[in-house]
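# Breakdown of the fold
Residue strings, one per chain:
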Amino acid sequence: MTQPALTLLVLSDAHFDSARTDGGKLANLNPSLGAELAERAWHDATRRHGPIDAIVLCGDIIHAGNATPANDYTTFLAALRKWAKQIPIFAAPGNCDLPPLFAEAFGAPGLSELNGYRFFTFADGYPDGPAECVRTEADIAEFTRAAGESDAPLIAI
């Protein structure tokens, strides 16, 4: 059986910080623009490709050193919801994100389903700093279990 088409908007590295315009070591980055740039991407994608079925957030939603991360996750999500209303959002935190606060805003990582597709989001750890990503054995086991339990397409985030 053929799967129905699924149109995803994949957003990554918004590095949003509502209070900062200076990107620090990233001199050309303006963190206050993250939500605005996500909105521009949404409008461009819908103009080019029509309706979007889901948004996939691939980490670094907030900028490192953000002084108000919980606030900015809520602000970023509210900005998405202004134009993406009830569109599902599948989100995985990046090395600049704070997993507990990220999960409060975007939901806990794990397995979800949409239109016959399964989405598995990971929240990798960074115990030795932001460049040293570690996937836990529990996450690997859960993903392996999910991959084996159905023939439905599985998208890892």
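Look above for the structure.
Rules used in this analysis
- Residues numbered from 1 in each chain as written.
- Predicted model: local features only at pLDDT ≥ 70, side-chain atom pairs only at ≥ 80, totals over all residues.
- Heavy atoms only, no water.
- Pairing = 2+ DSSP bridges.
- Helix = DSSP H or I, 4+ residues; strand = E, 2+ residues; numbered from the N terminus.
- Axes fitted to C-alpha atoms, helices over the stretch in contact; angles between N-to-C directions.
- Salt bridge = Lys/Arg side-chain N within 4 Å of Asp/Glu carboxyl O.
- Buried < 20%, exposed > 50% of the residue type's maximum accessible area, 1.4 Å probe, protein only.
- Lys, Arg positive; Asp, Glu negative; His and termini not counted.
- Polar contact = N/O pair within 3.5 Å; in protein donor to acceptor, adjacent residues only side chain to side chain.

### Re the sheet that holds strand 2 (residues 54–58)
Sheets are built from strands that pair by backbone hydrogen bonding, the pairs being arranged parallel or antiparallel. Within the open sheet, the 3 strands sit side by side as 1-2-3. Their pairing is parallel. At either end of the open sheet lies a strand with only one pairing partner, and these are strand 1 (8–11) and strand 3 (89–92). Averaged over neighbouring strand pairs, the angle between their axes works out to 15° when direction is ignored. Examined bridge by bridge, strand 1 and strand 2 share 4 bridges and lie parallel to one another. Counted as the bridge partner of leucine 9 is isoleucine 55 from strand 2.

### Side note on the pattern of salt bridges
Applying the stated criterion across every chain yields a total of 7 salt bridges. Residue aspartate 124 is joined to arginine 135 by a salt bridge in which the shortest nitrogen-to-oxygen separation is 2.8 Å. Here arginine 135 lies in the loop between strand 5 (117–121) and helix 4 (137–148) and aspartate 124 lies in the loop between strand 5 and helix 4, a separation of 11 residues in the sequence. By relative accessible area, aspartate 124 is classed as buried at 12%. Accessibility expressed as a relative area gives 38% for arginine 135, which makes it partly exposed. Here arginine 145 makes a salt bridge to glutamate 142, at a shortest N to O gap of 2.4 Å. On the criterion of helical spacing, the pair formed by arginine 145 and glutamate 142 is a turn pair, its members being 3 residues apart in helix 4. Of the residues examined, arginine 145 reaches a relative accessible area of 40% and is grouped as partly exposed. A single salt-bridge network, built from bridges that share partners, covers Asp44, Arg47 and Arg48.

### Observations concerning unusual backbone geometry
Keep in mind that most residues, glycine aside, have a negative phi and that most peptide bonds are trans. A positive phi angle, near 55°, is found at aspartate 60, a position not held by glycine. On the secondary structure map, aspartate 60 appears in the loop between strand 2 and helix 2 (69–84). Phi at lysine 85 takes a positive value of approximately 25°, unusual for a residue other than glycine. Its location among the elements puts lysine 85 in the loop between helix 2 and strand 3.

### Examining the side chain of aspartate 72
Within the fold, aspartate 72 resides in helix 2. Comment: no salt bridge for buried aspartate 72; closest opposite-charge side chain is arginine 20, at 8.6 Å. A polar side-chain atom of aspartate 72 sits 2.7 Å from a polar atom in the side chain of serine 18.

### Overview of the sheet that holds strand 5
With respect to topology, 3 strands assemble into an open sheet ordered 4-5-6, the strand pairing being mixed. On the outer flanks of this sheet lie strand 4 (110–114) and strand 6 (154–156), each paired with one strand and no other. Recorded for the sheet is a direction-independent mean angle of 25° between the axes of neighbouring strands. In this structure, strand 5 lies alongside strand 6, joined through 3 bridges in parallel fashion. The partner of arginine 118 across the bridge, within strand 6, is leucine 154.

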